Amino acid sequence: MADAADKTNGSAGDGGLPKPDPPGYFEGESMSRRKALTVAGQAVGGIAGAVIVLPAVGFAVAPIFHQPQERWESVGPVSRFTEKTYTPVVFTLVQGVGEAGKTTAYVRKATSNETQPYEPYIALSTRCAHLGCPVHFVEAAGNFICPCHGGVYDFAGKVIGGPPVRPLDHFQTRVRDGQVQVGPRYSVTSQLQPVRYRDPGEYTGGIWNILYPPRPDTLPAP
Amino acid sequence: MLIPGPLKKPPKPGDGDGAGPAERLKETPADLVGWIDERTGGASFLTGMLYRKVPKGTTWFYTLGSATLFAFVVQAVTGVFLAMYYTPSATQAYGSITHLTNDVFLGEFVRGMHVWGASLMIILIWLHMARTFVFGAYKYPRELNWVIGVVLLILTMTMAFTGYLLPFDQRSFWASVVGININGTGPVLGPYLSDFLRAGPDFGATTLSRFYAIHMMLIPGAIAALIGAHLYLVAKLGTTAPPWLKVESEPELREQEV
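On a predicted model such as this, the values are computed, not experimentally measured, just so you know.

Engineer: Whenever I open this one, the interface of chain B and chain A confuses me. Can you help?
Structural biologist: Reports often express the size of an interface as the amount of accessible area lost when the parts come together. Tallying the contact residues gives 24 residues for chain B and 26 residues for chain A. Of all the elements in the fold, those that place two or more residues in the side of chain B that touches chain A are α8 (170–184) and α9 (190–198) of chain B. With 7 residues, the top contributor of residues to the side of chain B that touches chain A is α8(B). In the side of chain B that touches chain A, the residues fall into 15 nonpolar, 7 polar and 2 charged.

Engineer: How should the sheet that holds strand β6 (residues 143–145) of chain A be read in this particular structure?
Structural biologist: The strands that make up a sheet are held in pairs by hydrogen bonds between backbone atoms, and each pair lies either parallel or antiparallel. All names here are of chain A. Strand order in this open sheet of 4 strands is β5-β6-β7-β8, and the pairing throughout is antiparallel. At either margin of the open sheet sits one strand with a lone partner, and together these are β5 (136–138) and β8 (159–161). Here β5 pairs with β6 via 3 bridges, running antiparallel. Each residue of the ladder has a partner; that of Val138, found in β6, is Asn143.

Engineer: Sorry, what's going on with the confidence of the model for chain A here?
Structural biologist: Fine structural detail should not be taken from predicted coordinates in areas where pLDDT scores are low. Of all residues in chain A, 92% have pLDDT values of 70 or greater, and the mean over the chain is 88. This stretch, residues 1–7 of chain A, has a pLDDT under 50; its non-local contacts, to residues over four places away or in other chains, come to 0 contacts.

Engineer: Is there a simple way to think about unusual backbone geometry in this case?
Structural biologist: Apart from glycine, the bulk of residues carry a negative phi angle, and the bulk of peptide bonds sit in the trans form. Note the cis peptide between B:Tyr140 and B:Pro141, where omega equals 5 degrees. With respect to the helices and strands, the residue B:Pro141 is situated in the loop between α6 (107–134) and α7 (143–165). Even without a glycine there, the phi angle at A:Leu192 is positive, about 65 degrees. Its location among the elements puts A:Leu192 in the loop between β10 (179–188) and β11 (194–195).

The rules behind the values
Residues numbered from 1 in each chain as written. Chains lettered and ligands numbered in written order. Predicted model: local features only at pLDDT ≥ 70, side-chain atom pairs only at ≥ 80, totals over all residues. Contact = placed C-beta atoms within 7 Å. Helix = DSSP H or I, 4+ residues; strand = E, 2+ residues; numbered from the N terminus. Nonpolar A, V, L, I, M, F, W, Y, C, P; charged D, E, K, R; others polar. Pairing = 2+ DSSP bridges. pLDDT = per-residue confidence, 0-100.

The following block contains the structure:
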């Protein structure tokens, strides 16, 4: 029986190499070499994988963070638009996709008692606030009607029937050299307060502005 | 010997008169399949795969998975040939589809196979899933295969969603607009998912090519890999007997039960 004082990591007394105890660990080591090399190898492999994967993923999601340019397009002289009814205008929303990039907006002159949202001309997007189908203006009823799921909006663009979750979106308007120009799109709350542009189907106002956060690839509301 | 015999063991080396060179020469396969098999061991794999035991009561219901696999193969083959004529550009996509359908020899037929085959694949997946559910074939030890199957279902639905846009006519355009907006109604992350699918806040120049890349490369690869895992687990775990078949014990054991 060996003496209690003999229980060290030192030699067994026969002149051979010292036996590590616990196995793999020599005196003063907190990590065996095998484990250190395993961790180092996995770290290098992880870095090599990240170097390949992260740029590829960033490449795919980059458009989400792309700040767009503000574009304005003339849609006709001021004499073309009245307060009484909407005039449809067609302009290019997205460049480079031909006909698919064009959109229709309904434009009228703002009446003097209209304070919210303040624009010289009211330009309503034809994109239904339910799921994005194109609405059309029915002159006789003074309403906007969506063909897909039956959404109905009144003359101001507020929802009066069907599944839409908020009023029709607006485009900013301005007058330059006697021409009415339409600019960036923005959404409105049910009280017609401007908010940053949201996709169709997303509520606006109050807590919804957090649940459906504004996206960095849209322009701020006026 | 294209398909090996059932569970026939090859003679052990040295079982003959002697393990001399002449004996070894006799064992060396002289045909191409044998040559490949000697180097890959594929024959034993195929033997295990093709001659594995199936439970009593295996019926036509059990072919729905194979039918779904066949539908996927049809989609893959016709899809490759459609891609030879298709142009994933917003200004040319519709024209290339019109040309493919009306002018190319058998174009309408191949496109029809792809279009109708897509619906068929979805139907077959649901039937296959219903069979698995009703027969209780998702239970231990096959839960993981059920999970893989559900992922395959989701991937196939994504294929249907991304493929629908590619003809780029009015119907597919507006259906995709609506579909992307449905994705956007998910709280917090939904708007960003929509932006990812469209590559921007509006349906833009690279939306179509994005859908095309997802439809053409990303998901088919994932589906093929998961089908491999799905089949591996089927071969490893075997299939289940239908629930109306009771387990019969061996006759001699039955006597002991009394």
